[in-house]
Amino acid sequence: GVPGTASQTTSNDTGLSVAALEPFSGYWRRVRALYSDRESGLLAGSAAVYEHQVPGGQYTNLFQQCRSLGQLDQWEDVLETYAAVNKMLGDIVKVTPSSKCVGDLALFLVANHWSTADLLDECRRDPKGVPPARVHPGPLPGQAGPSHFRPPLPEGGVHRDGPRSRRQGRQAHPRRGR
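Not measured: the values here are computed from a predicted model.

## Considerations on the overall build of the protein
- Within the protein one finds 8 helices and 0 strands.
- The order of helices and strands in the protein, counted from the N terminus, is α-α-α-α-α-α-α-α.
- Per-residue burial for the protein yields a buried fraction of 33% across its 178 residues.
- Partitioning the intrachain contacts of the protein with sequence separation of at least 6 by distance along the chain shows that 51% fall at a separation of at least 24.

## A short note on the packing of aromatic side chains
- In this structure the tally under the stated criterion is 4 aromatic pairs.
- Taken together, a centroid distance of 4.9 Å and an interplanar angle of 80 degrees make the contact between Y27 and W28 edge-to-face.

## Here we look at the side chain of S98
- Relative to the helices and strands, S98 is located in helix α6 (residues 96-111).
- By relative accessible area, S98 is classed as buried at 7%.
- At 3.0 Å, the side chain of S98 forms a polar contact with the backbone nitrogen of V95.
- Contact partners of S98, with chain neighbours within four places excluded, come to I92 and V93.

Calculation criteria
- Residues numbered from 1 in each chain as written.
- Predicted model: local features only at pLDDT ≥ 70, side-chain atom pairs only at ≥ 80, totals over all residues.
- Heavy atoms only, no water.
- Helix = DSSP H or I, 4+ residues; strand = E, 2+ residues; numbered from the N terminus.
- Buried < 20%, exposed > 50% of the residue type's maximum accessible area, 1.4 Å probe, protein only.
- Contact = heavy atoms within 4.5 Å.
- Phe/Tyr/Trp six-rings, centres within 6.5 Å; stacked < 30°, edge-to-face > 60°.
- Polar contact = N/O pair within 3.5 Å; in protein donor to acceptor, adjacent residues only side chain to side chain.

Laid out in structure tokens, this is it:
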């Protein structure tokens, strides 16, 4: 109904009255109610996406993770921390594995009341003592691929193996005998 009524008195006027369009609004309201249990709870978009740069699919997934961890009251902090983590890791290309790593680390930092500076300080103090470094290989050792920026981490990276200097696929060997 809104596009039809918004175009009234313009060159794009549909000629349909509000009364003629209203049944469509009712239909879609009922259809949406059928699927409401599958909705994320995010009922409106946000211009803040230009600030935090969380990709669309990751946005709803991160929201659900935040909810399941009981951090929903800190959602804005998670988004702000996501942007900081992304910057710390070199403004990486955010696709499924890398955006998930950025989101997981943001959730970890918010849950523990750490900033990215706190994480880097801890990495400098004890490179092998940072929980994400022990639990998840992720992008911190460079396994998400080379970055155009390296955060100021200790010599050899956060992990004992250090950052990777080339694409991971180059290390794969073809299988023979097939």
